[in-house]
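In case you want the letters, here they are:
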Amino acid sequence: MTLSPLVRFWNLIKPYKKPIRLIYYYAIISGVVNLSLPLGIQAIINYLQTGELTTSWIVLVAFVLIGIAITGKIQINQLRIVEDIQQDIFAKSAFEFAYRIPKIKQINLDKVHAPELVNRFFDVLTIQKGLPKILIDFSMAAFQITFGLILLTFYSSYFIMLGISLILIIYLIFKITGPKGLETSIKESKYKYMLAHWLEEIASNTKTFKVLNKGNLHLEKTDDVNLHYLENREKHFKILIKQFVLFVGFKVWVAAGLLVLGGVLVFNQEMNIGQFVASEIIIIMIINSVEKITRIVETIYDVLTALDKIGHVTDLELDQDNGNGEFEQNTNGVSIELADVSFKYPNQENYVFENLSVKIKPKSKVWLKGNTGKGKSTLLNIIARIQTLDTGTVLFNNRPSEYYSLESLHNQIGFISPNTGLFEGTIEENILMNREVEDKELNTVLSKLFLTDFISKQKDGIKTKVDSRGRRMPKSTIQKIILARYLVNNPSILLLEDPLQFIDETEKKAIIDFIMDEEKSWTVIVIADYLYWADKANQIIKL
Ligand SMILES: Nc1ncnc2c1ncn2[C@@H]1O[C@H](COP(=O)(O)OP(=O)(O)OP(=O)(O)O)[C@@H](O)[C@H]1O
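Residues numbered from 1 in each chain as written. Predicted model: local features only at pLDDT ≥ 70, side-chain atom pairs only at ≥ 80, totals over all residues. Heavy atoms only, no water.

## A short note on the overall build of the protein
Argument step 1. Looking only at helices and strands, one finds 19 helices and 11 strands in the protein.
Argument step 2. Each principal axis of the C-alpha atoms in the protein carries an extent, and together these give about 110 × 50 × 50 Å.
Argument step 3. Taking all 543 residues of the protein together, 46% fall into the buried category.
Argument step 4. Counted over contacts in the protein with a minimum sequence separation of 6, partners at least 24 positions apart contribute 79%. (Helix = DSSP H or I, 4+ residues; strand = E, 2+ residues; numbered from the N terminus. Buried < 20%, exposed > 50% of the residue type's maximum accessible area, 1.4 Å probe, protein only. Contact = heavy atoms within 4.5 Å.)

So, in structure tokens, the structure goes:
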């Protein structure tokens, strides 16, 4: 279920009810204190008209100045509170993204380019920037209008009518143009993300576009998305302008109404000059506040749109994990059984496999083969519980996979697909992934994978930094480091797809000997064209 942006905004600020209440209290105080300016000036004029410089006059001036200082102090307090909320939202969002992204259901991740999802994180900054305007400026302006109108009614009951019409018109402008404004803002933002995504596509294929740039495909596609963006931006801008025009027209009307009314009241001697000046100051304050609200409207659209965009990530369903069973390391090995397994990708008509049943004994070393598209990779994903099954069961040691907690199961599975890569960090981080591994264990694995030499030659040894995806590293070394990641904790199951294709023959054979050693307790299922894997396997499964 997708939530409306307004509900999302409510959910965002719900945890900050207390501090926000404080901001409103401050806005109320500020709204009241702000009125000391017109009231003080009214009294000052009245004193000046008497032509005397009295201590009361000095007190009044002081009163007005103190009022200004107090509102300043209140604004500082409000800024502090909103700053704390902003910092909190940023940190929480960072963790929300980091926690959720690896847990998003694979079926949802298949539909998108995961790194592109992260672009939405930048909308946290839009929310951050928008909050002070919405929480402080908007509330201050709203209270200012309310108190100003209340005060005006003391000068004349005619002002009441003007006040009511003012609030009614603001409400109507929002009611009529608001939903359209939000809709166009969301559409505009959709193309903004598309554009960023396309630029990222160019960036991740620089060599292709560098060499094959004659057709200018990169520019044409940019132009195409850009056009859509600009079209929708224009539509959104038109709504903003429409709102602005409505506000300006309404401002002129209110100003004229109030000024004329004020003038008439003075002529009819229902108001003195001091009251007239004071009411005009209040009117100017109200008009300024209305203007402020007009300008904040764009920020409101931006923040609501940002929440909608972030919702695209936070709404994605996460992996289910209802199992409590602990999948323990087992030196006797783990048996794997597929019982009547059927699986179909949601957007495909045909089943990848139907009623597939396979038994694999503990410690088996399996070579998985089959023509392209037969579902070899899919099967590994299903066994690793990365994809969820439609029907049938995967059993480990005769217990359904779901019996085990996902964390304990994954901790015992070494899973390598052609997409497995290195991330920016040290070699050590890439291998250990924060797990406790004894040095002896680590060194054995590094030596079995012919990594010891490479690491010792690096200036910072195992602490040497690796680029994202191991950009500047030999492909064979990348594969070795990835393999080390999944071997150091001696897992019970190894599910491997093309783990060694870049490694040279001698080393490759030695590593295969190590992985496929029948004495090793792990159960291995491997997909690879290199036939030495098949020679070493004790079971072959053909799809
Ligand atoms: N995420 C996905 N969404 C939809 N269909 C998919 C997805 N992944 C794979 N498929 C389709 O499912 C079928 C099985 O794909 P899979 O990659 O498992 O086969 P494979 O035997 O490993 O193929 P290859 O040897 O070419 O890698 C193919 O028809 C493929 O197009």
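## Examining empty space enclosed by the protein
Argument step 1. Scanning the entire structure with this criterion turns up 2 cavities of 30 Å³ or more.
Argument step 2. Taken as a whole, the largest cavity spans an internal volume of roughly 50 Å³.
Argument step 3. Lining the largest cavity, in full, are Ile382, Arg385, Gln387, Thr388, Leu389, Val394, Ser401 and Glu402.
Argument step 4. Across the lining of the largest cavity, the residue classes break down as 3 nonpolar, 3 polar and 2 charged.
Argument step 5. What lines the second largest cavity is simply Leu338, Val358, Ile360, Leu368, Leu379, Ile383, Ile525 and Ile541.
Argument step 6. Residue classes in the lining of the second largest cavity are distributed as 8 nonpolar, no polar and no charged. (1 Å grid on protein atoms, 1.4 Å probe; cavity = no way out; pocket = protein on both sides within 12 Å on 5 of 7 lines; lining within 4 Å. Points joined across faces, edges and corners; volume = space filled by probe spheres on them. Nonpolar A, V, L, I, M, F, W, Y, C, P; charged D, E, K, R; others polar.)

## Considerations on the domain arrangement of the protein
Argument step 1. Examined at the domain level, the protein breaks down into domain 1 (5–314) and domain 2 (336–542).
Argument step 2. Between the C-alpha centres of domain 1 and domain 2 there is a distance of 53 Å.
Argument step 3. Each partner contributes to the interface: domain 1 provides 4 residues, whereas domain 2 provides 5 residues.
Argument step 4. Broken down residue by residue, the surface that domain 1 buries against domain 2 is led by Gln106, Ile107 and Asp110, which jointly contribute 85%.
Argument step 5. For the pair domain 1 and domain 2, the interface holds 1 residue pair in polar contact (both at pLDDT 80 or more).
Argument step 6. Partitioned by chemical class, the residues of the side of domain 1 that touches domain 2 number 1 nonpolar, 1 polar and 2 charged. (Domains from an automatic or database assignment. Buried area = accessible area lost by both parts, 1.4 Å probe. Polar contact = N/O pair within 3.5 Å; in protein donor to acceptor, adjacent residues only side chain to side chain.)

## Topic: the packing of aromatic side chains
Argument step 1. Taken as a whole, this structure holds 12 aromatic pairs when the rule is applied.
Argument step 2. Centre to centre, the rings of Phe327 and Tyr404 are 4.8 Å apart; their planes meet at 80°, and the pair counts as edge-to-face. With a gap of 77 residues between them, Phe327 in the loop between helix H11 (273–314) and strand S1 (336–343) and Tyr404 in the loop between strand S5 (399–400) and helix H13 (406–411) connect regions that are remote in the sequence. For the pair shown, Phe327 and Tyr404 are each scored as buried.
Argument step 3. When the centroid spacing of 5.8 Å and the interplanar angle of 85° are considered together, the rings of Phe514 and Trp522 count as edge-to-face. As far as burial versus exposure is concerned, Phe514 and Trp522 are alike and both buried.
Argument step 4. Ring pairing ties together the aromatic residues Phe327, Phe396, Tyr403 and Tyr404, which thus form one cluster.
Argument step 5. We note Arg120 situated over the ring of Tyr193; from NZ or CZ to the ring centre the distance is 4.6 Å.
Argument step 6. It is Lys475 that lies over the ring of Phe502; its NZ or CZ is 5.2 Å from the centre. (Phe/Tyr/Trp six-rings, centres within 6.5 Å; stacked < 30°, edge-to-face > 60°. Lys NZ or Arg CZ within 6 Å of the ring centre and 35° of its normal.)

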